[in-house]
Structures are given as C-alpha cells and as structure tokens.
Amino acid sequence: MPPLVVSNPQSLKELVGQEIGITEWFRVTQKRIAQFAEATEDRQWIHLNQARASKESPYGTTIAHGFLTLSMISHFLNSAIEVQSGVRFAVNYGLNRVRFPAAVRADSRIRSRVALLGLKELSDSVEAVYGVTIECEQSEKPACVAEWIVRYYS
C-alpha cells in the first residue's frame, strides 16, 4: 500500500483523530534478531538460542526483542505517510506510552496501523503524536502499542 502523501506538516491538521494507514507486512528474521542482540548487547537466550527456546520458552521458538519491534515504528511511519515539502528534518522527540502485549516469534511477519493522535504548532516546528499499533500475523493481541512524538522542522 503506498504511503498517504500530504503537502506539508501543517496539512496534517486534517488527519488528527484518524487512522492514516496500514503498512505492508514485514518479516522479522532470526538474523535480524541476532543483529539487534549484537547492537544492543542483549543476548538473552530467548532471542538467540533456538534449541533452548524450543524446549523452555512458552513461545516454542526464539522471539524478537521488544525494543527491536519498537524500533520498527520509524520504518512503518515512513511507509504510511510522506510529507512532500516544508520539512528540513524530522526528529524523534520521544514516546508517551509503550506496551508489548504479545511476543514476535522469529520469522513471523509484523505490520503497523498508524493514526495521528494530535498535532501542535510550536515556534520552530510542528509536533505530531502518532498512535502506532504493531500487529503480528496470527496473533490476537498486538505486539506493540506506542504513542510516538515526531517534530518536523522547516
């Protein structure tokens, strides 16, 4: 699904309170999980040891780090919306809420539902608060639910 295209950050006003889009599915491979473990120094067996995870984990396999799942929101937002002009750069300003209701098993697919929860014009930027729900294929619960704050500087 192509991203929703808006002309500039101010035109986001019309989308407040609406779902912007649903992204394409993205496969979370064991290789990506291992790379994330190396980058973050988080090498817990539940992420890396497939033999042990198949025996001891309640998931029956290795799972992605919650922070790996969370880190995908940047990719998903870029897939959901494109601001054509009026942005010199955008900054990840932070998160209001983050929850991980369900695990992402290795080699499963995730996608995101993105909504615009709020928009505020500041003296030097436009601040958008996005509601991001990351769904995992074949899971009733979402893998991650977060409110992400992005500032657009012109």
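Everything below is about the structure shown above.
For the structure given in this document, a descriptive report is provided here. It should be emphasised that the depicted structure is a prediction, and the values quoted were computed from it without experimental measurement. (Residues numbered from 1 in each chain as written. Predicted model: local features only at pLDDT ≥ 70, side-chain atom pairs only at ≥ 80, totals over all residues. Heavy atoms only, no water.)

### A closer look at the layout of surface pockets
Part 1: Computed from the structure, the largest pocket encloses a volume of approximately 170 Å³.
Part 2: Around the largest pocket, the lining residues are Ser74, Leu77, Asn78, Ile81, Glu82, Val83, Val87, Ala90, Trp148, Val150 and Tyr152.
Part 3: Grouping the amino acids of the lining of the largest pocket by side-chain chemistry returns eight nonpolar, two polar and one charged. (1 Å grid on protein atoms, 1.4 Å probe; cavity = no way out; pocket = protein on both sides within 12 Å on 5 of 7 lines; lining within 4 Å. Points joined across faces, edges and corners; volume = space filled by probe spheres on them. Nonpolar A, V, L, I, M, F, W, Y, C, P; charged D, E, K, R; others polar.)

### Some points on unusual backbone geometry
Part 1: The backbone phi angle of Asp107 is positive, close to 70°, even though this residue is not glycine.
Part 2: Checked against the element boundaries, Asp107 lands in the loop between β5 (89-99) and β6 (108-121).
Part 3: Residue classification places Asp107 among the partly exposed positions, given a relative accessible area of 41%.
Part 4: A positive phi angle, near 65°, is found at Gln138, a position not held by glycine.
Part 5: Within the secondary structure, Gln138 sits in the loop between β7 (126-136) and β8 (144-153). (Helix = DSSP H or I, 4+ residues; strand = E, 2+ residues; numbered from the N terminus. Buried < 20%, exposed > 50% of the residue type's maximum accessible area, 1.4 Å probe, protein only.)

### Considerations on the pairing of β8
Part 1: Counting buried positions along β8 gives nine out of ten residues, so the element sits mostly inside the fold.
Part 2: Sheet topology note: the β5/β8 ladder contains nine bridges and is antiparallel. Bridge pairing in β8 links Val98 to Ala146.
Part 3: Examined bridge by bridge, β7 and β8 share nine bridges and lie antiparallel to one another. Bridging from a neighbouring strand, Ile134 pairs with Cys144 of β8. (Pairing = 2+ DSSP bridges.)

### Considerations on the nonpolar core
One broad rule of soluble globular proteins: the nonpolar side chains tend to lie buried together.
Part 1: Core analysis: the biggest nonpolar cluster contains 33 residues, and Leu12, Val28, Leu77, Ile81, Ile110, Tyr130 and Ile134 have the highest contact counts within it.
Part 2: Elements supplying a minimum of two residues to this core: β3 (26-28), α1 (30-40), α4 (66-71), α5 (73-80), β6, β7 and β8.
Part 3: Here Ile110 is in contact with Glu24, Trp25, Phe26, Val28, Met72, Phe76, Val104, Ile134, Glu135 and Cys136, once residues within four sequence places are set aside. (Core = buried A, V, L, I, M, F, W, Y, C linked by side-chain atoms within 4.5 Å. Contact = heavy atoms within 4.5 Å.)

### Topic: the pattern of salt bridges
Pairing of side chains with opposite charge becomes possible as their charged atoms draw close.
Part 1: All told, the structure shown has eleven salt bridges when counted by the stated rule.
Part 2: One salt bridge connects Lys13 with Glu121, and the closest N-O pair in it is separated by 3.0 Å. Here Lys13 is found in the loop between β1 (4-6) and β2 (18-22), whereas its partner Glu121 is found in strand β6, with 108 residues between them in sequence.
Part 3: Across the pair Arg151 and Glu127 runs a salt bridge, and its minimum N-O distance is 2.7 Å. Of this pair, Arg151 sits in strand β8 while Glu127 is found in strand β7, placing the two residues 24 residues apart along the sequence.
Part 4: Given the relative accessible area of 15%, Arg151 is considered buried.
Part 5: Judged by its relative accessible area of 8%, Glu127 is buried.
Part 6: Counted as one network, the salt bridges with shared partners bring together Glu19, Arg111, Arg113 and Glu135. (Salt bridge = Lys/Arg side-chain N within 4 Å of Asp/Glu carboxyl O.)

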